[in-house]
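Overview (structure and organization)
Listed below, chain by chain, are the residues.
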Amino acid sequence: LEKNLEKLDACIARFRADGVLNHIGGESRPAASGATFDNHSPVDESFICKVAKSGAEDVDAAAKAAKAAFPAWRDFDAVSRKKILHAIADGIIERADEIAIAECWDTGQAHRFMSKAALRGAENFRFFADRAPSARDGQSLPSPTLMNVTTRVPIGPVGVITPWNTPFMLSTWKIAPALAAGCTVVHKPAEFSPVTARILMEIAEEAGLPAGVWNLVNGFGEDAGKALTEHPDIRAIAFVGESKTGSMIMKQGADTLKRVHFELGGKNPVIVFDDADLDRALDAAIFMIYSLNGERCTSSSRLLVQETVAEEFLAKLVERVNRIRVGHPLDPETEIGPLIHKTHFDKVTSYFDVARAEGATIAAGGEAVDGKGWFVRPTLFTGARPDMRIAQEEIFGPVLTAITFGEEDEALEIANGVQYGLTGYVWTNDLTRALRFTDKLEAGMIWVNSENVRHLPTPFGGVKASGIGRDGGDWSFEFYMEQKHIGFAT
Ligand code: NAD
């Protein structure tokens with residue numbers, strides 16, 4: 001902890017002095033109105049920096065810069081594009097320590113996880129860098145009278161809007177494929193965690209990305225975010241955030257016929273059958289809700305456990321949850337840091353009363369930690385019914401709701417009985433059951449006998465209120481590019 005605290009000042013001193021500026025057309029600048037807002041650390045509520053509070057005028061300048069830079073970037077030699085994206089990955093690796101520390105301080109995420117987030121960000125750039133030269137590849141589909149070919153072209157300038165949970169990694173996940181496809185970008189990071197988005201953009205320009213290809217506009221969703229989704233020069237919006245914000249963005253983008261890609265909320269089930277490897281299931285269930293502060297879209301926030309093993313499984317779970325270390329995010333021993341900000345802390349802690357009022361049992365946690373900062377104890381609700389709010393709503397904190405079930409059919413009904421459908425985790429050693437169950441489980445991504453292990457070529461995304469579209473592999477290019485058909489008469 002001491003070592004990381006020593007580094008912290010060096011990481012954030014310049015932001016404290018200069019604030020987080022926008023970056024438009026290769027130039028760093030404040031919001032046109034001169035407006036700023038203050039950014040505080042969730043660890044002790046201390047001031048970190050001022051941030052440009054942008055409005056429609058700033059978004060317009062950024063969209064115009066992205067539009068002006070588009071033709072040259074679209075036609076940029078693909079091998080050179082690949083080199084620049086790899087250079088961005090190199091820059092991320094070089095500054096991984098700084099990124100991890102700044103991210104912990106800005107978001108409250110524990111260092112043990114954030115030190116890997118920067119590396120994963122670099123991996124995202126390398127993955128799409130390698131695919132950049134073949135992004136435009138098409139097919140030949142000849143008919144008796146025509147030589148038909150298809151090709152793919154970048155859609156144009158795109159808007160990327162990201163949330164505050166693991167903001168660095170998520171920004172790379174959206175921006176790397178957009179650049180690899182040949183799109184130019186206007187990025188609006190979350191207002192609560194602006195620091196690492198700025199570092200990332202600086203790394204990109206140092207790596208040789210031409211001015212205007214990547215523009216950064218800070219500010220709030222209701223003004224800067226909204227203006228971006230409504231801008232006529234922005235052809236598509238890649239959005240990660242809450243389901244209700246996705247719905248607003250769809251309406252805001254309707255007049256300009258925006259293409260949208262949504263990665264939204266979740267209330268993901270982990271289903272534990274009595275024939276499973278229960279020790280492994282326990283480890284995975286704990287990891288998937290009590291890492292990253294539970295502020296994770298893919299977290300398994302509902303535990304469905306078969307009655308025959310529930311008592312023993314839940315007793316072990318309580319014992320383990322009570323041992324989770326809550327503390328300073330820069331302490332390498334810490335497993336759970338503070339929640340992102342007061343509003344979110346109020347939301348998460350409000351569910352402790354909801355659980356009591358609904359008649360569930362608070363088997364662990366259920367309280368905030370005294371003192372400064374937005375810390376809560378890892379919490380487990382047991383005795384929950386599927387229709388309770390604690391079993392239906394996305395709490396987005398280190399809070400797990402446990403429900404017991406009798407047979408497979410009941411488990412499936414409970415698992416599918418929510419508005420969301422992002423991920424599902426199934427624990428059973430019965431292969432035919434696993435096949436049957438995963439076929440009917442309403443989720444975009446399912447893991448059997450595993451926690452969430454991301455493999456970049458596989459599709460990432462949700463169904464129902466959890467999202468529209470897929471990222472990963474070639475799916476990212478499908479979003480950022482247009483298919484074009486050309487038929488030559490023979
Ligand atoms: P949020 O929806 O409040 O904000 C996300 C972003 O949208 C922010 O940058 C915000 O400024 C912007 N925004 C808000 N209103 C807007 C508007 N009207 N127009 C345009 N932009 C607007 O979400 P959050 O609280 O920052 O993030 C947490 C949520 O994100 C959770 O629901 C979580 O599940 C979800 N999430 C999903 C995934 C996924 O892959 N499915 C990944 C991470 C987070």
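Keep in mind the model is a prediction, meaning the values are calculated, not measured. (Residues numbered from 1 in each chain as written. Predicted model: local features only at pLDDT ≥ 70, side-chain atom pairs only at ≥ 80, totals over all residues.)

Digging into the site of the ligand
We apply this condition: Should the C-beta atom of a residue, placed from the backbone, lie within 6 Å of a molecule or strand, that residue is near it. In this description a helix means any DSSP run of H or I spanning at least four residues, a strand means any run of E spanning at least two, and both kinds are numbered starting from the N terminus. Nonpolar residues are Ala, Val, Leu, Ile, Met, Phe, Trp, Tyr, Cys and Pro. Charged residues are Asp, Glu, Lys and Arg, and all others, Gly as well, are polar.
With respect to spatial proximity, 33 residues lie near the ligand, and among them Pro 163, Gly 221, Gly 225, Gly 241 and Cys 297 are the closest. Those elements that place two or more of their residues in the shell around the ligand are α8 (221-230) and α9 (243-252). Residue contributions to the shell around the ligand peak at five residues, all from α8. Looking at the shell around the ligand residue by residue, the classes come out as 13 nonpolar, 13 polar and seven charged.

Some points on the UniProt feature "domain: Aldehyde dehydrogenase" (unreviewed entry) in the protein
Put simply, the test is: UniProt positions are given in the numbering used here, feature names are shortened, and annotations may be inferred rather than shown by experiment.
As recorded in UniProt, the sites labelled "domain: Aldehyde dehydrogenase" (unreviewed entry) are residues 33-486. A distance of 47 Å separates the end C-alpha atoms of residues 33-486, which is 42% helix and 19% strand.

Focus: helix α12 (residues 342-358)
Note on helix geometry: an α-helix contains 3.6 residues per turn, so any two residues three or four positions apart are oriented the same way. For clarity, the cut-off: Helix span, as expected, comes to 1.5 Å for every residue beyond the first. Buried residues are those with 20 or more other C-beta atoms within 10 Å of their own C-beta, exposed residues have 12 or fewer, and partly exposed residues lie in between; C-beta atoms are placed from the backbone. We call two residues in contact whenever the C-beta atoms placed from their backbones are within 7 Å.
Between its first and last C-alpha, α12 extends 24 Å over 17 residues, near the 24 Å set by a 1.5 Å rise per residue. Listed as buried for α12 are His 344, Phe 345, Val 348, Tyr 351, Phe 352 and Ala 355. Tucked inside the fold, the buried residues of α12 contact β13 (361-364), β14 (379-382), α13 (389-392) and β15 (399-405). Positive phi shows up at Gly 359, right after α12, with a value of about 90°.

Section: the packing of helix α10 (residues 278-290) against helix α11 (residues 307-321)
Applicable threshold: Axes, fitted as lines to C-alpha atoms, cover a helix only where it is in contact. Angles between the N-to-C directions of the axes lie from 0 to 180 degrees. Oblique is the label for any angle not under 35 degrees, not over 145, and not in the 65 to 115 range, which are roughly parallel, roughly antiparallel and roughly perpendicular in turn. Here is the rule for handedness: rotate from the far helix to the near one, and if that takes an anticlockwise turn smaller than a right angle the crossing is left-handed, while a clockwise turn gives right-handed.
Where α10 contacts α11, the two axes come as close as 11 Å, and the packing angle between them is 45°. Between α10 and α11, the interaxial angle falls into the category oblique. Here the hand of the crossing between α10 and α11 comes out right-handed. Between α10 and α11, the contacting residues are Leu 278, Leu 282 and Ile 286 on the first element and Val 309, Phe 313, Lys 316, Leu 317 and Arg 320 on the second. Split into classes, the residues belonging to the contact of α10 with α11 amount to six nonpolar, no polar and two charged.

Observations regarding the UniProt feature "active site" (unreviewed entry) in the protein
Following the UniProt record, one finds the feature "active site" (unreviewed entry) at Glu 263. Counting through the fold element by element, Glu 263 comes out in strand β10 (residues 259-263). Take Glu 263: there are 28 C-beta atoms within 10 Å of it, and that puts it in the buried class. Those residues in contact with Glu 263 that lie beyond four places of it in its chain are Val 240, Cys 297, Gly 461 and Gly 467.

Brief notes about the nonpolar core
Which entries qualify depends on this criterion: Nonpolar cores are built from buried Ala, Val, Leu, Ile, Met, Phe, Trp, Tyr and Cys residues. These are joined into a set through C-beta atoms within 7 Å.
Core analysis: the largest hydrophobic core is formed by 155 residues, its most contacted members being Leu 85, Val 158, Val 185, Ile 271, Val 272 and Leu 304. Ranked by residues supplied to this core, first place goes to helix α6 (residues 167-181) with 10 residues. Look past the residues within four positions of Leu 304 in its chain and what remains in contact with it is Pro 269, Ile 271, Val 272, Ile 403, Phe 405, Ala 411, Ile 414 and Ala 415.

A look at the sheet that holds strand β17 (residues 423-427)
Threshold: In this description, strands pair whenever DSSP reports at least two bridges between them.
Strand order in the open sheet formed by seven strands is β13-β14-β15-β12-β11-β17-β18, and the pairing between neighbours is mixed. With partners counted over all chains shown, the strands left at the sheet margins are β13 and β18 (445-448), one partner each. Between one strand and the next, the sheet's axes are offset by a mean angle of 20°, whatever the strand orientation. For strand β12 (residues 302-306) and β15, the ladder comprises five bridges, and the chain directions are parallel. Along β15, the bridge assignment pairs Val 305 with Thr 404. Packing of α12 onto the sheet brings it into contact with β13, β14 and β15, and relative to β13 it is tilted by some 125°. Packed onto the sheet, helix α14 (residues 408-416) meets β11 (269-272), β12, β15 and β17 and runs at close to 150° relative to β15.

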